[in-house]
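Observations on the model geometry
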Amino acid sequence: MSRDQHPISRKDIAEPALKVLYRLHNAGYEAYLVGGCVRDLLLGLKPKDFDVATNASPEQVHKLFRNCRLVGRRFRLAHIMFGREVIEVATFRGHHDDDGDAQKHAKSDAQGMLVRDNVYGSIEEDAQRRDFTVNALYYNIADFAIYDFANGVRDIEAGVLRMIGDAETRYREDPVRMLRAIRFATKLSMRMDDSVAKPIHEHASLLQNIPPARLFEECLKLFTAGKALANFEMLSEYHLFQQLFPMLKSYLQTPDEAPYQMLRQTFADTDSRIQQGLSITPAYLFAALLWWPLQARMEQLMFESGLPPVDAMNIAAADVWGRQVQTVSVPKRFTIPAREIWQMQQRLERAKGKRVQTLLGHPRFRAAYDFLLLRAATATPLERKKLSEQAQFWTEQQKGMQPADKRHDDAPAPRKKRGRRGGRRRGGPRKRPSGDNNKS
């Protein structure tokens, strides 16, 4: 598509991406915006990031940019840093085979998944190696044209998500493509082609071969971008959610029960906050997702060992996180706040007198209060009355609170502690030097 046949303008492209494109171009290399950013610009969406494809090798890119670092083992990439913004530059990928050619550094495991893929080629080969037709679009900085090698523009217009090549083979090469298929279908309001959708049920278990840290990043993309509820429902339908959160399998069997309703409400609330421009934290999300497995383990510990609720929760929390991180590796910066949200539920239930004011000032109070509201809204009829009364109590307690910044401004200045130097020593009055007795 020539410049006059598409709506993309350079003013729509982030300045760091333009700098990378033009430096590569001026150095004699081919330089293209590629993939999702081109697709989103064609759809009138704002791209989350801008990726660049080039015929320059990662080492050649590294020489051109001081602010560049090379990353990746499976496929070597160049990350060019502009403050917090990163422009990812990939060398055109090529075809590979199993002829043992030392120049072709591709390697697959026993399941067919690519574990090393440093095989470079032409832009045409690179397009064929991409996953979906809508992602095989290239914007050329040299002539401002869009190169469409897989009829991606046609599929965008038709609203159909198609795979490039055989879907089963592509899923075996990288099982994360199944998650990407769900995410693109919901994000772009597209229908998955039958060739894309049908193999997912059979190959869902291949996600077990993906490193847990990578699946955590995919979970963030699925559940913190405004389409969490739609992704949850579609992932559950194709038995992918069960692979990410195996402890939740039994809770997905009965949609009318409290656990399933709590999951749906959690994702709906997350989407609502994002649409309102409010902040979210994965800690709250994971606290809600794993609440019912936590309760089940607590009850087991209290029944079998007679542990009090506080001790049972601490042990159960360690057990639940220990199992979950085997599939989705949630970092401690989120597991620790999630555990605090759980622990606060017990404290909110028991608090009386001065402890009420103490909890109101707790840094995790607001998240714990929201979590209590979530529990009350999705509880079983037996527990709903009690939880609703607790939620109402804490709602009333907050009505008399001043804004946090005002409380800080009006607070009296802390008393300055007196240092030991110049003060009284421990053990009685300070002794006068012996020479003082001679002075009049």
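That block above? That's the structure.
These numbers were taken from a predicted model, which means no experiment stands behind them.

In terms of regular secondary structure, the protein is built from 20 helices and eleven strands. Considering only intrachain contacts with a sequence separation of at least 6, the fraction spanning at least 24 residues in the protein is 66%. Total accessible area on the protein stands at roughly 24,400 Å², and carbon and sulfur atoms take up 48% of it.

The next point concerns the pairing of strand β4 (residues 77-82). Two elements, strand β3 (residues 68-71) and β4, share four bridges in a ladder whose sense is antiparallel. Its bridge partner being in β4, Leu70 is matched across the sheet by Ala78. Following β3, the chain reverses through five residues before pairing antiparallel with β4; Gly72 in that reversal takes a positive phi of roughly 95°. Sheet topology places β4 next to strand β5 (residues 85-91); six bridges connect them, and they run antiparallel. Counted as the bridge partner of His79 is Glu88 from β5. Turn length for the β4-β5 hairpin, with the two strands adjacent in sequence and antiparallel, is two residues, and the turn residue Gly83 shows positive phi of about 65°.

In this section: the environment of Glu124. Its place among the elements puts Glu124 in helix α4 (residues 123-129). When the C-alpha atoms of Glu124 and Ala136 are compared, they prove to be 9.6 Å apart, with twelve residues separating the residues in sequence. Polar side-chain contacts of Glu124 include one of 3.3 Å to the side chain of Ser122.

Our next topic: helix α18 (residues 365-378). Side chains three or four residues apart in an α-helix point the same way, a direct result of the helix having 3.6 residues per turn. For α18, which comprises 14 residues, the first-to-last C-alpha distance of 20 Å matches the rise-based estimate of 20 Å (1.5 Å per residue) to within 8%. The buried fraction of α18 is high, at ten of 14 residues. Turning to α18, its buried residues are Phe365, Ala367, Ala368, Tyr369, Phe371, Leu372, Leu374, Arg375, Ala376 and Thr378. Elements in contact with the buried residues of α18: α12 (258-275), α13 (282-289), α14 (291-305), α16 (332-350), α17 (354-360) and α19 (381-399).

Bringing unusual backbone geometry into the picture now. If you check the backbone angles, Phe144 has positive phi at about 65° while not being a glycine. Relative to the helices and strands, Phe144 is located in the loop between β8 (137-140) and β9 (146-148). A positive phi angle is found at Asn151, which is not glycine, with a value near 60°. Of note, Asn151 is situated in the loop between β9 and α5 (152-158). When its relative accessible area of 42% is taken as the criterion, Asn151 is described as partly exposed.

Before going further, it helps to examine the pattern of salt bridges. Tallied over the entire structure, the rule returns 19 salt bridges. A salt bridge links Glu15 to Lys19, with the shortest nitrogen-to-oxygen separation between them at 3.7 Å. Separated by four residues within a single helix, Glu15 and Lys19 lie in helix α1 (residues 15-26), roughly one turn from each other. The class of Lys19 is partly exposed, set by a relative accessible area of 45%.

To continue, consider the packing of α12 against α13. Remark: α12 packs on α13, axes separated minimally by 9 Å, with the N-to-C direction vectors making an angle of 165°. When the axes of α12 and α13 are compared, the pair comes out roughly antiparallel. In this structure, the crossing between α12 and α13 has a hand that is left-handed. Residue-level contacts link Met262, Leu263, Thr266, Phe267 and Thr270 of α12 to Leu285, Ala288 and Leu289 of α13.

Analysis parameters
Residues numbered from 1 in each chain as written. Predicted model: local features only at pLDDT ≥ 70, side-chain atom pairs only at ≥ 80, totals over all residues. Heavy atoms only, no water. Helix = DSSP H or I, 4+ residues; strand = E, 2+ residues; numbered from the N terminus. Contact = heavy atoms within 4.5 Å. Areas by Shrake-Rupley, 256 points an atom, 1.4 Å probe, with all protein chains shown as cover. Pairing = 2+ DSSP bridges. Polar contact = N/O pair within 3.5 Å; in protein donor to acceptor, adjacent residues only side chain to side chain. Expected span 1.5 Å × (residues − 1). Buried < 20%, exposed > 50% of the residue type's maximum accessible area, 1.4 Å probe, protein only. Salt bridge = Lys/Arg side-chain N within 4 Å of Asp/Glu carboxyl O. Axes fitted to C-alpha atoms, helices over the stretch in contact; angles between N-to-C directions. Parallel < 35°, antiparallel > 145°, perpendicular 65-115°, else oblique. Left-handed = near helix turned anticlockwise from the far one by under 90°.

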